Amino acid sequence: MAKPVVAQKGPYEVALKQGQRYLWCSCGLSKTQPECDATHKGSEFSPQAIVVEKNETVFLCGCKQTGNPPFCDGTHSTL
């Protein structure tokens, strides 16, 4: 199993809109972090869809090592 690239050693603070679909980059190669730009094509990685039920600000994992994808769980502090 390939390891994702660490895009940044910290979370991305993102304001998400109710009902809108977002795709979180799981490979770490996207140029539009933390959103997927399909750079993963041809790899074993695939984006994770996020849809929230209300407008809210979340912290999405930037190191791609989280145990709770797509959300930051603090794993970046151990890298």
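Coordinates for the structure precede this section.
Now for a look at the structure at hand. The structure presented is a predicted model; accordingly, all values stated were derived computationally and were not measured.

So, about the state of the cysteines. Applying the stated rule across the entire model yields zero disulfides. The thiol of cysteine 27 is not disulfide-bonded; the next cysteine sulfur, from cysteine 25, is found 3.8 Å away. For cysteine 27, a relative accessible area of 6% translates into the label buried.

Topologically, valine 51 is positioned in strand S3 (residues 48-51). For valine 51, a relative accessible area of 52% puts it in the exposed group. Residues valine 51 and lysine 17, spaced 34 residues apart in sequence, show a C-alpha to C-alpha distance of 8.3 Å. When residues no more than four places from it in sequence are discounted, the contact partners of valine 51 are Gly19, Gln20 and Arg21.

Take the nonpolar core next. Core analysis: the largest hydrophobic core is formed by eleven residues, namely Tyr12, Val14, Leu16, Tyr22, Trp24, Ile50, Val52, Val58, Leu60, Cys61 and Cys63. Looking at this core, the elements that each hand over two or more residues are strand S1 (12-16), strand S2 (21-24) and strand S4 (56-60). It is S1 that provides the largest number of residues to this core, a total of three residues. With residues near it in sequence (within four places) discarded, valine 14 still touches Pro34, Glu56, Thr57, Val58 and Leu60.

What counts, and at which threshold
- Note on numbering: residues in each chain are counted from 1, in written sequence order.
- With the structure being a predicted model, the display of local features is reserved for residues of pLDDT at least 70 and the display and counting of side-chain atom pairs for 80 or more, all residues being used for whole-chain, interface and lining totals.
- Only hydrogens and water are removed before side-chain values are computed, so all heavy atoms of the structure are retained for them.
- Two cysteine sulfurs form what is called a disulfide whenever their separation falls within 2.5 Å.
- Each residue is assigned to one of three classes by its accessible area relative to the maximum for its type, calculated with a 1.4 Å probe on protein chains only: buried under 20%, partly exposed between the two thresholds, exposed over 50%.
- Secondary structure follows DSSP: runs of H or I at least 4 residues long count as helices, runs of E at least 2 residues long count as strands, and numbering of each begins at the N terminus.
- In this description, contact between two residues means that some pair of their heavy atoms is separated by no more than 4.5 Å.
- Working definition of a nonpolar core: buried Ala, Val, Leu, Ile, Met, Phe, Trp, Tyr and Cys residues. They are joined through side-chain atoms within 4.5 Å.

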